[in-house]
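A look at the structure
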Amino acid sequence: MASSVPPPRPAIDRTAPKPSPVREPLWRHALGGCLRGLRHERGEKLSETARRAGVSPQYLSEMERGLKEPSSEMIAAVAGALDVTLVDLTLAVAESLRSAQGSTSRGATCSVAYALAA
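Every value quoted in this text rests on a predicted model; they were computed, and no experiment measured them.

Describing the pattern of salt bridges
The final tally for this structure, using the stated rule, is 8 salt bridges. For the salt bridge of Glu64 with Arg36, the shortest nitrogen-to-oxygen distance reads 3.1 Å. Highlighted residues: Glu64 in helix α3 (residues 57–64) and Arg36 in helix α1 (residues 27–41), separated in sequence by 28 residues. One network of salt bridges, in which partners are shared, links Arg42, Glu44, Arg52 and Asp83.

Observations regarding the nonpolar core
Among the nonpolar cores identified, the biggest contains 20 residues, and Leu31, Leu35, Val55, Val78, Leu89 and Val93 are the most heavily contacted of them. Going through the elements one at a time, α1, α2 (46–53), α3, α4 (72–81) and α5 (86–101) are the ones with two or more residues in this core. For this core, the leading source of residues is α1, giving 6 residues. Beyond its immediate sequence surroundings of up to four residues, Val78 is in contact with Leu35, Ala53, Leu60 and Met63.

A closer look at the environment of Pro57
With respect to the helices and strands, Pro57 occurs in helix α3. Each C-alpha atom, one on Pro57 and one on Lys45, is 9.4 Å from the other, the two residues being 12 residues apart in sequence.

Details of the side chain of Ser61
By the secondary structure assignment, Ser61 is in helix α3. With sequence-adjacent residues up to four places away left out, Ser61 is seen in contact with Arg36 and Leu46.

Let's talk about the side chain of Arg39
Inspection of the secondary structure puts Arg39 in helix α1. In this structure, Arg39 is in contact with Glu44, Lys45, Leu46, Thr49, Glu64 and Leu82, ignoring residues within four places of it in sequence.

Some remarks on the packing of α3 against α4
Where α3 contacts α4, the two axes come as close as 12 Å, and the packing angle between them is 100°. As summarised for this structure, α3 and α4 are arranged roughly perpendicular, according to the angle between their axes. Residues Tyr59, Leu60 and Met63 of α3 lie in contact with α4, whose contacting residues are Met74, Ile75 and Val78. When its residues are assigned to classes, the contact of α3 with α4 shows 6 nonpolar, no polar and no charged.

Topic: α5
With 16 residues, α5 extends 23 Å from end C-alpha to end C-alpha; this agrees with the ideal 22 Å at 1.5 Å per step. Every buried residue belonging to α5 is among Leu89, Thr90, Val93, Ala94 and Leu97, and all of these are buried. On an axial view of α5, the arc spanned by its buried residues comes to 135°, and they lie on one face. Following α5 by one or two positions, Gly102 adopts a phi angle in the positive range, close to 75°.

Calculation notes
- Residues numbered from 1 in each chain as written.
- Predicted model: local features only at pLDDT ≥ 70, side-chain atom pairs only at ≥ 80, totals over all residues.
- Heavy atoms only, no water.
- Salt bridge = Lys/Arg side-chain N within 4 Å of Asp/Glu carboxyl O.
- Helix = DSSP H or I, 4+ residues; strand = E, 2+ residues; numbered from the N terminus.
- Core = buried A, V, L, I, M, F, W, Y, C linked by side-chain atoms within 4.5 Å.
- Buried < 20%, exposed > 50% of the residue type's maximum accessible area, 1.4 Å probe, protein only.
- Contact = heavy atoms within 4.5 Å.
- Axes fitted to C-alpha atoms, helices over the stretch in contact; angles between N-to-C directions.
- Parallel < 35°, antiparallel > 145°, perpendicular 65-115°, else oblique.
- Nonpolar A, V, L, I, M, F, W, Y, C, P; charged D, E, K, R; others polar.
- Expected span 1.5 Å × (residues − 1).
- Arc of directions from axis to C-beta.

And the structure:
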């Protein structure tokens, strides 16, 4: 009498890293990158910009690294210290997010950028 033994199944490697889904960058990360870029363009140290903005260097560093969700007042203070308007900063952040997506869509308006900032 023949016994029916199922064939062995291949082992599943449960330690292999799973591909993570592509995520859209967070606003605070894009904002931080723009702030750091503007500061570097001016050739300023973190402490110089922080002093003019009225924030601690540690706080500004956390903003630039995307670790803080700064209030609109904090964003305005740092933007002012970097001699940029909130509109220009908001548009730069929106463009940074668009570039990160690799999107080539056209027709974005300022209202979209303002919505992203909210």
